[in-house]
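# Secondary and tertiary structure notes
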Amino acid sequence: MRLRNVAAGDVEAYVRMRCDEAMMAELGGPLPREQVEERLRKDLRLVAEDGAWIKAIVPDGAEDGAAAGVVTLWQDEEDGATVSEIGWMVLPAFQGRGLAKAAVRRVLDAAAADGRWGEVHASPGTTNGPSNGICRALGFRLLGERDVDFGDRVLRTNHWVVTPGEHRRAPDGLGSDGLGSDTD
Ligand SMILES: CC(C)(COP(=O)(O)OP(=O)(O)OC[C@H]1O[C@@H](n2cnc3c(N)ncnc32)[C@H](O)[C@@H]1OP(=O)(O)O)[C@@H](O)C(=O)NCCC(=O)NCCS
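These lines cover the structure that appears in this document, whether it is placed above or below.

What counts as what
- Residues numbered from 1 in each chain as written.
- Predicted model: local features only at pLDDT ≥ 70, side-chain atom pairs only at ≥ 80, totals over all residues.
- Heavy atoms only, no water.
- Helix = DSSP H or I, 4+ residues; strand = E, 2+ residues; numbered from the N terminus.
- Expected span 1.5 Å × (residues − 1).
- Buried < 20%, exposed > 50% of the residue type's maximum accessible area, 1.4 Å probe, protein only.
- Phe/Tyr/Trp six-rings, centres within 6.5 Å; stacked < 30°, edge-to-face > 60°.
- Lys NZ or Arg CZ within 6 Å of the ring centre and 35° of its normal.

## Digging into helix H3 (residues 99-114)
For H3, which comprises 16 residues, the first-to-last C-alpha distance of 22 Å matches the rise-based estimate of 22 Å (1.5 Å per residue) to within 8%. Residues of H3 that are buried: Leu99, Ala100, Ala103, Val104, Arg105, Arg106, Val107, Leu108, Asp109, Ala110 and Ala111. One or two positions beyond H3, positive phi appears at glycine 115, with a value near 85°.

## Observations regarding the packing of aromatic side chains
Here the structure, examined in full by the defined rule, presents one aromatic pair. Taking the centre distance of 5.2 Å and the plane angle of 65° together, the rings of tryptophan 53 and tryptophan 117 count as edge-to-face. Within this pair, whereas tryptophan 53 is found in strand S2 (residues 53-58), its partner tryptophan 117 is found in the loop between H3 and strand S5 (120-122), the two being separated by 64 residues in sequence. Exposure remark for tryptophan 53: the relative accessible area of 9% places this residue in the buried category. Since its relative accessible area comes to 4%, tryptophan 117 is described here as buried. The positively charged end of arginine 18 is found above the aromatic ring belonging to tyrosine 14, 5.7 Å away from the centroid.

Distances and angles like these do not, on their own, reveal function.
What follows is the structure, encoded as structure tokens:
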């Protein structure tokens, strides 16, 4: 698996991820198809400004570099404070292979090296087995439950937090090679 910045050619992957009811069930619901290009443009601007890391997950053997999922690390204002947050998604055909866990771990490895993100928060739905499994496996601490607004929906979430560097890093030599700077 490797990570690369999202790119203008990721429209189809965005459609499959962001316009799908099941994929978006816990992320505010599906995005209307006609809003996808604007959403991708917004993400590309954020990446260009280095305001967020939005990384496409490319499985081993993917000839065309097509995205199987995405991991996003960004910052938000919450009660007047800047908070770092991380989220992830993997297309159904690629789920259950450890891709999301490996990708989140690699982003946290890079965030530890980068040093600017501070504590990183994650808010998976309380019933999201795989996402809560990822948080638990990577050493996030569970602070409790809370309601989070996603679009016009309110989701009951688990509030997890981790300090990059204190997370469970990849075993030596595995996945510790940063974020695929060859393609960034
Ligand atoms: C959540 C999601 C990203 C998981 O992707 P994935 O690549 O299939 O995840 P992984 O294969 O890395 O598995 C993650 C862990 O969850 C575990 N897991 C899988 N299903 C599980 C379940 N129902 N209950 C508990 N743990 C589960 C896996 O065993 C794995 O842990 P392990 O490696 O220690 O065994 C994917 O299902 C998805 O995109 N869902 C829709 C969008 C979404 O919900 N995003 C997250 C919002 S916070």
